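# Secondary and tertiary structure notes
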Amino acid sequence: MDEKECKNVTEQLTDPKNLTEAGKKHIKVCKKCATTVSLLLTLKAGPTPTAGLVPSPTFVNSVLAGIGIKSAVASSAATSTATATSKTVVTVAVALGLATAVGLGLTLGTDDSFNNILKNQKSESAKRNIIEIELLELEALKNIKSPVLKFDSPANETK
Amino acid sequence: MLKRNKPDCADLIAKAKLGDSDAFADIIKQYYGLVMHYLLGMGVKHSDAEDVAQEAFITLFRKIDQVTNPSTFTAWLLRISRNLFIDKLRKEKKIDVSGSQFELELLSSNLSPESEVVSNSEVSDIFAGLKSRERVILELRVFQNMSFAEIGEVQGMTEGNVRLVFHRLISKLRDRLANEFGKV
Ligand SMILES: [Zn+2]
């Protein structure tokens, strides 16, 4: 596959604008780009690359005090990020399944599945889409060996 | 459980404008890691980065009414952080900014170990071993959907260099994913 074309597809996949028809066609025949789709789905379903660093309650309270808010809201500063970092085997397995299915040239389900998932920054919606794809791709997934997820749940990143 | 407790940025900004203290706290929690990695990636020491980040959030919140377009919020926050850091260096006379060509890259002479090695507290994950600057570029592109030009602007890099780093990162992570699963 043309390296330049693959890079172009990667840029389209990470752009809020839709994938071009040429891009979609390319993904269906390019294993590397199918893996990129899988990777992006996996990334979107998990914590962001900077989520491992969380503010201490003291930090949050200091900022709030700086704008004149006296608050005890910060006592669980790490909680939301810790929740945010949970990742499931299912999601990743489905993500990989999708990419593998694409790589094998199997039906992708709805035509705009990529865009719906990848451009969506709201993770809840993204997960809904992933689950929808799980249903759509069930047949395709039957023949795919599920990967074993080795990534730890980074909940313990937050001290 | 698939729950990912990440409130919408536009929603948080709207609530913060109304003085909702929980919204302010949520913005801090949501953007702290990004701001910290951004500063660490510029070579700021961890303790200094916390001071700058704290000041950046306070500055941002005092001007929250001026945020009219939530999509530019991230870039604005990072710009504030960068400017505060440069001010700090100026005050401490650690850099000469008298010349016309001030580039953030020049700050690398003061690189802290944190900019090269990411926090020990981070357990093995798909991002393990990535440098702070790489994490920021990845986040801004994949999670914030920023253009390469915008990322270049906040990172003090050329658009071409951002593209180069980004594609190298994607390639690295793709290999990592493939290795984790033993095939693909
Ligand atoms: Zn390709």
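Here we summarise the structure given alongside this text. On a predicted model such as this, the values are computed, not experimentally measured, just so you know. (Residues numbered from 1 in each chain as written. Chains lettered and ligands numbered in written order. Predicted model: local features only at pLDDT ≥ 70, side-chain atom pairs only at ≥ 80, totals over all residues. Heavy atoms only, no water.)

Turning our attention to the overall build of chain B. A tally of helices and strands in chain B yields seven helices and zero strands. Ordering the α and β elements of chain B from the N terminus gives α-α-α-α-α-α-α. Every one of the 184 residues in chain B was classed for burial, and the buried ones make up 51%. Counted over contacts in chain B with a minimum sequence separation of 6, partners at least 24 positions apart contribute 60%. Of the roughly 8300 Å² of accessible surface on chain B, 48% is carried by carbon and sulfur atoms. (Helix = DSSP H or I, 4+ residues; strand = E, 2+ residues; numbered from the N terminus. Buried < 20%, exposed > 50% of the residue type's maximum accessible area, 1.4 Å probe, protein only. Contact = heavy atoms within 4.5 Å. Areas by Shrake-Rupley, 256 points an atom, 1.4 Å probe, with all protein chains shown as cover.)

What follows is about the environment of Glu-55 of chain B. Residues and elements named next belong to chain B. As for its position among the elements, Glu-55 is in helix 3 (residues 46-62). By relative accessible area, Glu-55 is classed as partly exposed at 44%. Residues Glu-55 and Leu-173, 118 residues apart in the sequence, show an inter-C-alpha distance of 34 Å.

Residues and elements named next belong to chain A. The protein atoms that coordinate the zinc ion are Cys-6 (SG), His-26 (NE2), Cys-30 (SG) and Cys-33 (SG), at distances of 2.0 to 2.3 Å. Taken together, the four donor atoms coordinating the zinc ion and their angles of 99 to 115 degrees define a geometry best described as tetrahedral. Taken in sequence order, the residues that donate to the zinc ion follow the motif C-x19-H-x3-C-x2-C. Highlighted residues: Cys-6 in helix 1 (residues 3-13) and Cys-30 in the loop between helix 2 (21-29) and helix 3 (31-45), separated in sequence by 24 residues. Taking the relative accessible area as the measure of exposure, Cys-6 reaches 3% and is therefore buried. (Donors = N, O, S within 2.8 Å, 3.2 Å for Na, K, Ca; no water. Tetrahedral: all angles 85-135°; square planar, octahedral: opposite > 155°, others 65-115°.)

On to the packing of helix 4 (residues 57-66) of chain A against helix 3 of chain B. At a closest axis distance of 9 Å, the pairing of helix 4 of chain A and helix 3 of chain B adopts a crossing angle of 40 degrees. When the axis of helix 4 of chain A is compared with that of helix 3 of chain B, the two are oblique. The handedness of the crossing between helix 4 of chain A and helix 3 of chain B is right-handed. Contact residues: helix 4 of chain A offers Phe-59, Ser-62, Val-63 and Gly-66 of chain A, while helix 3 of chain B offers Glu-50, Ala-53, Gln-54, Phe-57, Ile-58, Phe-61 and Arg-62 of chain B. Taken together, the residues that form the contact of helix 4 of chain A with helix 3 of chain B break down as six nonpolar, three polar and two charged. (Axes fitted to C-alpha atoms, helices over the stretch in contact; angles between N-to-C directions. Parallel < 35°, antiparallel > 145°, perpendicular 65-115°, else oblique. Left-handed = near helix turned anticlockwise from the far one by under 90°. Nonpolar A, V, L, I, M, F, W, Y, C, P; charged D, E, K, R; others polar.)

Another point: the pattern of salt bridges. Considering all chains together, one arrives at 14 salt bridges over all chains under this definition. Glu-3 of chain A is the partner of Lys-32 of chain A in a salt bridge, and the nearest nitrogen-oxygen pair spans 2.7 Å. On the criterion of sequence distance, the pair formed by Lys-32 of chain A in helix 3 and Glu-3 of chain A in helix 1 is long-range, its members being 29 residues apart. A salt bridge links Asp-11 of chain B to Lys-15 of chain B; the nearest nitrogen and oxygen atoms lie 3.5 Å apart. Here Lys-15 of chain B and Asp-11 of chain B lie together in helix 1 (residues 9-17), a separation of four residues that amounts to about one turn. For Asp-11 of chain B, a relative accessible area of 36% puts it in the partly exposed group. (Salt bridge = Lys/Arg side-chain N within 4 Å of Asp/Glu carboxyl O.)

All right, on to the packing of aromatic side chains then. Residue and element names in this part refer to chain B. The tally for this structure, following the rule as stated, stands at six aromatic pairs over all chains. Geometrically, the ring pair formed by Tyr-31 and Phe-73 is edge-to-face, given 5.2 Å between the ring centres and 70 degrees between the ring planes. A residue pair is termed long-range when its members are at least 10 positions apart, and Tyr-31 in helix 2 (residues 21-41) and Phe-73 in helix 4 (residues 73-91) qualify at 42 residues. For the ring pair Phe-57 and Phe-61, a centre distance of 6.1 Å and an interplane angle of 40 degrees mean the geometry is tilted. A residue pair is termed a helical-turn pair when its members lie 3 or 4 positions apart in one helix, as Phe-57 and Phe-61 do in helix 3 at four residues. Owing to a relative accessible area of 0%, Phe-57 belongs among the buried residues under this scheme. (Phe/Tyr/Trp six-rings, centres within 6.5 Å; stacked < 30°, edge-to-face > 60°.)

Read these as geometric descriptors, not functional statements.
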